[in-house]
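A look at the structure
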Amino acid sequence: MGRTYSAESRLIGIGAADRGYFAKKRLLDVICAAAGIIILLPVFIVIAILIKISEPRGSVFFKQTRIGKDGKPFNMYKFRSMVVNAESLLAELQHRNEIEGAMFKIKEDPRVTRIGKWIRKTSVDELPQLWNVLKGDMSLVGPRPGLPREVEQYSGYDRLRLLVPPGCTGLWQVSGRNGLSFKQMVEMDLDYIGRRSLLFDLRIILRTFVVIVFPKDAY
């Protein structure tokens, strides 16, 4: 890291010189997301069955509004890892938030189901986001997409992370994840944006596989 970014200027914004990079990045996203969905289809089926066995009342997938590039909202998909009424229970748990800043995380979240603990620990719950990548809502690599209530709390500096498409994985996810503060996450996102390249993306993707095999600070 170590860079200084100005919220007044669009120093790390998308310029003409970036078009080639983003065209190649989009091609990589489409190819990898399509291949991932096809190859992992048996995994999707197994996880869906386990979720239904764990809590038959709820749906297999969880759809949630997130904020993407330039503040545009979209529906992000995940395997459901929480009880059906998880959102309504959030207000009761806000005082237990373990991350300072515009984000909510608690290590022992009582809303998480038995199978949910495992799929969150291994990041398997994130696999349906490959559909978001295929649709163009997200990229394989980029900043974590924030919730509307989180983005409302962003400063002008924090909003710089919205200059590029959000990602399924990113520098934050492979550098400590929930063990880091919101401020550290923002700095890592801006560091990623400032250094963006296909080679850097591939390095983060490779590091993501290591994190999945040896999970740490994921909950």
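Anyway, here's the lowdown on the structure attached to this text. (Residues numbered from 1 in each chain as written. Predicted model: local features only at pLDDT ≥ 70, side-chain atom pairs only at ≥ 80, totals over all residues. Heavy atoms only, no water.)

1. Observations concerning the pattern of salt bridges
Heads up, the rule is: One side-chain nitrogen of Lys or Arg within 4 Å of one carboxyl oxygen of Asp or Glu is enough to make a salt bridge. The helix and strand labels rest on DSSP assignments: H or I over at least four residues marks a helix, E over at least two residues marks a strand, and numbering proceeds from the N terminus. The classification of residues rests on relative accessible area computed with a 1.4 Å probe and restricted to protein chains. Under 20% of the type maximum is buried, over 50% is exposed, and intermediate values are partly exposed.
Counted according to the given criterion, the structure contains 10 salt bridges. One salt bridge in this structure joins K69 and D70, with 2.8 Å as the shortest N-O distance. Linking R161 and D189 is a salt bridge whose minimum nitrogen-to-oxygen distance equals 2.6 Å. With R161 in the loop between α6 (148-151) and β4 (167-169) and D189 in helix α7 (residues 182-194), this residue pair connects regions lying 28 residues apart in the sequence. Taking relative accessible area as the criterion, D189 reaches 2% and is therefore assigned buried. When salt bridges that share partners are traced, they join E55, R57 and R80 into one network.

2. Structural notes on the side chain of Q64
This is how the line gets drawn: Polar contacts, as counted here, are pairs of nitrogen or oxygen atoms within 3.5 Å of one another; within protein the pair requires one atom able to donate a hydrogen and one able to accept it, and residues that are adjacent in sequence qualify only if both atoms are side-chain atoms. Throughout, a residue-residue contact means that at least one pair of heavy atoms, one from each residue, lies within 4.5 Å.
Position of Q64 relative to the elements: it lies in strand β1 (residues 61-67). Here R66 takes part through its side chain, which lies 2.9 Å from a polar atom of the side chain of Q64. Dropping the residues within four chain positions of it, Q64 is found in contact with F74, N75, M76, E87 and L147.

3. Considering the pairing of β1
So the rule is basically this: Two strands qualify as a pair provided that DSSP identifies no fewer than 2 bridges between them.
Pairing of β1 with strand β2 (residues 73-79) involves 7 bridges; the strand directions are antiparallel. Across the sheet, R66 pairs through a bridge with F74, a residue of β2. In sequence, β1 turns back onto β2 through a hairpin of 5 residues, with D70 there showing a positive phi of about 60°.

4. Description of unusual backbone geometry
For D70, which is not a glycine, the phi torsion comes out positive at approximately 60°. With respect to the helices and strands, D70 occurs in the loop between β1 and β2. Backbone geometry places S123, a non-glycine residue, at a positive phi of 65°.

5. Here we look at the environment of Y192
Inspection of the secondary structure assignment puts Y192 in helix α7. Sequence spacing of Y192 and I204 is 12 residues, and the spatial spacing of their C-alpha atoms is 9.9 Å. Looking at Y192, its side chain comes within polar contact range of the side chain of Y21, at 3.5 Å. Separated by 3.5 Å, the side chain of Y192 and the backbone oxygen of V141 make a polar contact.

6. Details of the nonpolar core
So the rule is basically this: Here the nonpolar core consists of buried residues drawn from Ala, Val, Leu, Ile, Met, Phe, Trp, Tyr and Cys, with membership extended through side-chain atoms lying within 4.5 Å.
Formed by 31 residues in total, the largest nonpolar core has its most connected members in L140, V141, L171, Y192 and I204. Of all the elements in the fold, those that place two or more residues in this core are α1 (19-39), β2, α5 (129-135), β3 (139-141), α7 and α8 (198-213). Examining the composition of this core, we find that 7 residues originate from one element, α7, more than from any other. Counting 10 residues, the second largest nonpolar core, distinct from the first, contains F44, I115, I119 and L127.

7. Quick look at α7
Just so we agree on the cut-off: To estimate the expected span of a helix, count its residues, drop one, and scale the result by 1.5 Å.
The end-to-end C-alpha separation of α7 is 18 Å, in line with the 18 Å expected for 13 residues at 1.5 Å each. Of all the positions in α7, only F182, M185, V186, M188, D189, L190, D191, Y192 and I193 are classed as buried. Check the buried side of α7 and you find it contacts α1, β3 and α8.

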